[in-house]
Amino acid sequence: MAELHVELVAADRQVWSGEASLVVARTSSGDIGVMPGHQPLLGVLQSGPVTIRTTGESGDGTVVAAVHGGFISFADNKLSLLAEIAELSDEIDVQRAERALERAKSDADAAAERRADVRLRSVTGVH
């Protein structure tokens, strides 16, 4: 099976690196799916879940991350997701994210509400 190498990097750390058969992310042009052999691309990431279908040594599986802003770049079967903020779904404290969402709604803080909503959608799998 063809693979692409994926690097998911946040401003403060490398979040995930490995081989994948498909990556789905939200860009300013809409959702995009990238598979091995995709045309080169450069885009702006929007806040949303990123889904990575993993392959290779770690086996077949799925990695989901909450990503908030950044860039996506693909060339030569190498995909780079350079995010302002990124968290793997298994790192997200659901109760804390729910409290943050409620607080953002009561404060009418649309940006904070969006971040909390993306974090919850990444954990629950509702995209």
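- By the naming in an unreviewed UniProt entry, the protein is ATP synthase epsilon chain, taken from Streptomyces glebosus.
- In its Sequence similarities (unreviewed entry) section, UniProt records this for the protein: "Belongs to the ATPase epsilon chain family."
- Within the UniProt record for the protein, the comment given under Subunit (unreviewed entry) is "F-type ATPases have 2 components, CF(1) - the catalytic core - and CF(0) - the membrane proton channel. CF(1) has five subunits: alpha(3), beta(3), gamma(1), delta(1), epsilon(1). CF(0) has three main subunits: a, b and c."

### Points about the side chain of S122
- Looking at the element boundaries, S122 is found in helix α2 (residues 110-124).
- Assessed through its relative accessible area of 2%, S122 is described here as buried.
- Separated by 2.9 Å, the side chain of S122 and the backbone oxygen of V118 make a polar contact.
- Residue contacts for S122: discarding those within four places in its chain leaves P49, V64, A65, A66, S89 and I92.

### Observations regarding unusual backbone geometry
- A positive phi is found at D76, a non-glycine position, where the angle reads about 50°.
- The backbone of A108 shows a phi angle near 55°, a positive value even though the residue is not glycine.
- A relative accessible area of 69% means that A108 is categorised as exposed.

### So, α2
- Over its 15 residues, α2 extends 21 Å from the first C-alpha to the last, a length consistent with the 21 Å expected when each residue adds 1.5 Å.
- Taken together, the buried positions of α2 are occupied by A112, A116, V118, R119, L120, R121 and S122.
- For α2, the elements touching its buried residues are β2 (13-27), β5 (48-55), β6 (61-75), β7 (78-88) and α1 (94-107).
- The backbone nitrogen of A111 lies 3.3 Å from a side-chain oxygen of the residue at the head of α2, namely D109.

### Section: the environment of Q39
- Here Q39 is to be found in the loop between β3 (30-34) and β4 (41-45).
- With relative accessibility at 59%, the residue Q39 sits in the exposed group.
- Distance in space between the C-alpha atoms of Q39 and V15 is 25 Å, their sequence separation being 24 residues.

### Observations regarding the pairing of strand β1 (residues 4-10)
- Taking every second residue as pointing to the same face, the buried face of β1 carries L4, V6, L8 and A10, while none of H5, E7 and V9 on the other face is buried.
- Strand direction decides the pairing type here: β1 and β2, joined by seven bridges, are antiparallel. Pairing of E7 across the sheet is with S17, part of β2.
- If you look at the hairpin formed by β1 and β2, you'll find two residues sitting between the two strands.
- The pairing of β1 with β7 spans six bridges and is classified as parallel. Directly across from V6, in β7, lies its bridge partner L79.

Reading guide: rules and limits
- Residues numbered from 1 in each chain as written.
- Predicted model: local features only at pLDDT ≥ 70, side-chain atom pairs only at ≥ 80, totals over all residues.
- Heavy atoms only, no water.
- UniProt positions renumbered as here; feature names shortened; annotations may be inferred.
- Helix = DSSP H or I, 4+ residues; strand = E, 2+ residues; numbered from the N terminus.
- Buried < 20%, exposed > 50% of the residue type's maximum accessible area, 1.4 Å probe, protein only.
- Polar contact = N/O pair within 3.5 Å; in protein donor to acceptor, adjacent residues only side chain to side chain.
- Contact = heavy atoms within 4.5 Å.
- Expected span 1.5 Å × (residues − 1).
- Pairing = 2+ DSSP bridges.

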